[in-house]
Amino acid sequence: METKRIIFHVDVNSAFLSWESSNRLSLDANAIDLRTINSVIGGDSSSRHGIVLAKSTSAKKYGIVTGEPLSQAKNKCPDLVIVPPNFEIYNRCSSQLIQLLYEYTPTLYQFSIDEAFLDMSETWHLFGQTPVDVANKLRCRIQQELGFTVNIGIAPNKLLAKMASDFKKPNLCHTLFYDEIPTKMWPLPVEELFFVGPSAANRFHTLGIHTIYDLAHSDLMMLKHHIGGKYAEFIHAYANGIDDEPVEVEEEKSKGCGNSTTLAKDVCDADSAHQVLLALSETVGFRLRKANISCSCITVEIKYADFHKKSHQMTLSDVTNSTYAIYEAACHLFDEFWDKSPIRLLGVRATKLDENEYSQLSLFQTEKSEKLTKLDAAIDSIRNKFGTDSVKRASFLKEDAVCNHRLGKPGK
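Presented here is a report on the structure given in the accompanying data block. Note that the coordinates shown come from a computational prediction; the quantities given were computed from them, not determined experimentally.

**As for the pattern of salt bridges**
Consideration 1: In the structure shown here, the tally under the stated rule is 13 salt bridges.
Consideration 2: Its salt-bridge partner being Lys-162, residue Glu-115 comes within 2.5 Å of it at the nearest N-O pair. Here Lys-162 lies in helix H6 (residues 158–165) and Glu-115 lies in strand E6 (residues 115–119), a separation of 47 residues in the sequence. Residues Glu-115 and Lys-162 agree in their burial class; the two are buried.
Consideration 3: Two residues, Glu-245 and Lys-158, come together in a salt bridge whose shortest N-O distance is 2.5 Å. Taken together, the residues Glu-245 in the loop between helix H11 (229–239) and helix H12 (250–253) and Lys-158 in helix H6 connect sequence positions 87 residues apart.
Consideration 4: Note on Lys-158: relative accessible area 7%, which makes it buried.
Consideration 5: Counted as one network, the salt bridges with shared partners bring together Asp-11, Asp-166 and Lys-169.

This is the structure in structure tokens:
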């Protein structure tokens, strides 16, 4: 099918294991290839509770899953080989991959340490006869020059490219164009749709929705009633292959005010995550107010224990720089797309900035919001005079608080 837009999603196969193996083999040609045995890359037991970060294909057959305790994985597979992570190697391999990918297009977004989206619409014809031809040449080049394999999804948008790259692995290219959705995507279980986590999948199952086809052909009003309006709208669109989000380069993504934090331990419950989001929202709100600017879009980013990242954003009805408004939006977004997996990093970013000092107030400005604005101003005044730690929220003073102080310095 002809299409004006061509998006590649490049995904490293068993990234940490592949990178660890290729590094060992480059140092010793007789070294055991970890990808061919029952093996996992295991987290730092002193700070990460000894969790599985990556697993080989054969280890997966024992039911070992990313994020589970190493002790539990060892019980499932007694001869399991556990290798500690070496992030210096992984970051180097990731950088080498991204540097190579930039040779094919300037419009690239690194989605995680081992994934990237490439907008090839204007450049694919420079490298081959068809997009599939180009993807296969790229895949082979990565294997030959960098020593590891990737899957590449080829599609007219990011969602379908991501779905395509998850088809049969390893070391393969797959297409998912609009006319292929009925045969390639709709028959899949609903939980295989991007952004459908275990909790959402369970809710869909109770509604009799078991495949992506079922979701795509469900009544949207019914979905809104049962699972919430915003999530229902975008996940119903996803099930129909609709995704208009562009591949944005990092410089465009960075235009905003944000903060993120890598957590000392995995967060596995919503209350703790909300507390982190509150601390982050305080920092973001403080920076906005200090610069006399407001925002109309909030983004929440999650990096899971397996280092995969997801983000979700919403446009606000009015511009704001209120800590409470930012926090409320962040919690709404988080509750909407968190899939219950252990969280390693959380981030909050405010974008679509408005530097107009006299931004129009909402006609629905409430007495509560006016009081919150005055409270923000009072807290900012105290912190500007006596330091950021001079005022702390009571929730941060609890012994079991995930955030017992303000979280670091805001990102750019």
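**Details of the packing of helix H13 (residues 270–290) against helix H14 (residues 323–337)**
Consideration 1: At a minimum axis distance of 8 Å, the contact between H13 and H14 shows a crossing angle of 140°. One way to sum up the angle between H13 and H14 is to call them oblique. Relative to H14, H13 is oriented so that their crossing is right-handed. Seen from H13, the contacting residues are Ala-270, Ala-273, His-274, Leu-277, Leu-278, Ser-281, Glu-282, Val-284, Gly-285, Leu-288 and Arg-289; seen from H14, they are Thr-323, Ile-326, Tyr-327, Ala-330, Cys-331, Phe-334 and Asp-335.
Consideration 2: Counted by class, the contact of H13 with H14 contains 11 nonpolar, 4 polar and 3 charged residues.

**A few points about the sheet that holds strand E4 (residues 81–83)**
Consideration 1: Taken together, 3 strands build an open sheet; the order of strands is E3-E2-E4 and the sheet is mixed. The two strands at the open ends of the sheet, each matched to only one other strand, are strand E3 (52–55) and E4. For this sheet, the mean inter-axis angle between neighbouring strands, taken without regard to orientation, is 30°.
Consideration 2: For strand E2 (residues 39–42) and E4, the ladder comprises 3 bridges, and the chain directions are parallel. Counted as the bridge partner of Val-40 is Ile-82 from E4.

**Looking at the side chain of Asp-114**
Consideration 1: Mapped onto the elements, Asp-114 comes out in the loop between strand E5 (108–112) and E6.
Consideration 2: For Asp-114, which is buried and forms no salt bridge, the nearest opposite charge comes from Lys-162, at a distance of 7.4 Å.
Consideration 3: For Asp-114, the side chain forms a polar contact with the side chain of Ser-112, separated by 2.8 Å.
Consideration 4: Setting aside residues no more than four positions away along its own chain, Asp-114 makes contact with Val-10, Asp-11, Val-12, Ala-15, Trp-19 and His-308.

**So, the packing of aromatic side chains**
Consideration 1: Under the definition given, this model contains 17 aromatic pairs.
Consideration 2: Seen from their ring centres, Phe-111 and Phe-194 are 6.1 Å apart, and the 65° between their planes marks the pair as edge-to-face. Within this pair, whereas Phe-111 is found in strand E5, its partner Phe-194 is found in the loop between helix H7 (181–185) and helix H8 (198–206), the two being separated by 83 residues in sequence.
Consideration 3: A residue is classified by how much of its surface remains accessible, and Phe-111, at 11% relative accessible area, is buried.

Conventions adopted
Residues numbered from 1 in each chain as written. Predicted model: local features only at pLDDT ≥ 70, side-chain atom pairs only at ≥ 80, totals over all residues. Heavy atoms only, no water. Salt bridge = Lys/Arg side-chain N within 4 Å of Asp/Glu carboxyl O. Helix = DSSP H or I, 4+ residues; strand = E, 2+ residues; numbered from the N terminus. Buried < 20%, exposed > 50% of the residue type's maximum accessible area, 1.4 Å probe, protein only. Axes fitted to C-alpha atoms, helices over the stretch in contact; angles between N-to-C directions. Parallel < 35°, antiparallel > 145°, perpendicular 65-115°, else oblique. Left-handed = near helix turned anticlockwise from the far one by under 90°. Contact = heavy atoms within 4.5 Å. Nonpolar A, V, L, I, M, F, W, Y, C, P; charged D, E, K, R; others polar. Pairing = 2+ DSSP bridges. Lys, Arg positive; Asp, Glu negative; His and termini not counted. Polar contact = N/O pair within 3.5 Å; in protein donor to acceptor, adjacent residues only side chain to side chain. Phe/Tyr/Trp six-rings, centres within 6.5 Å; stacked < 30°, edge-to-face > 60°.

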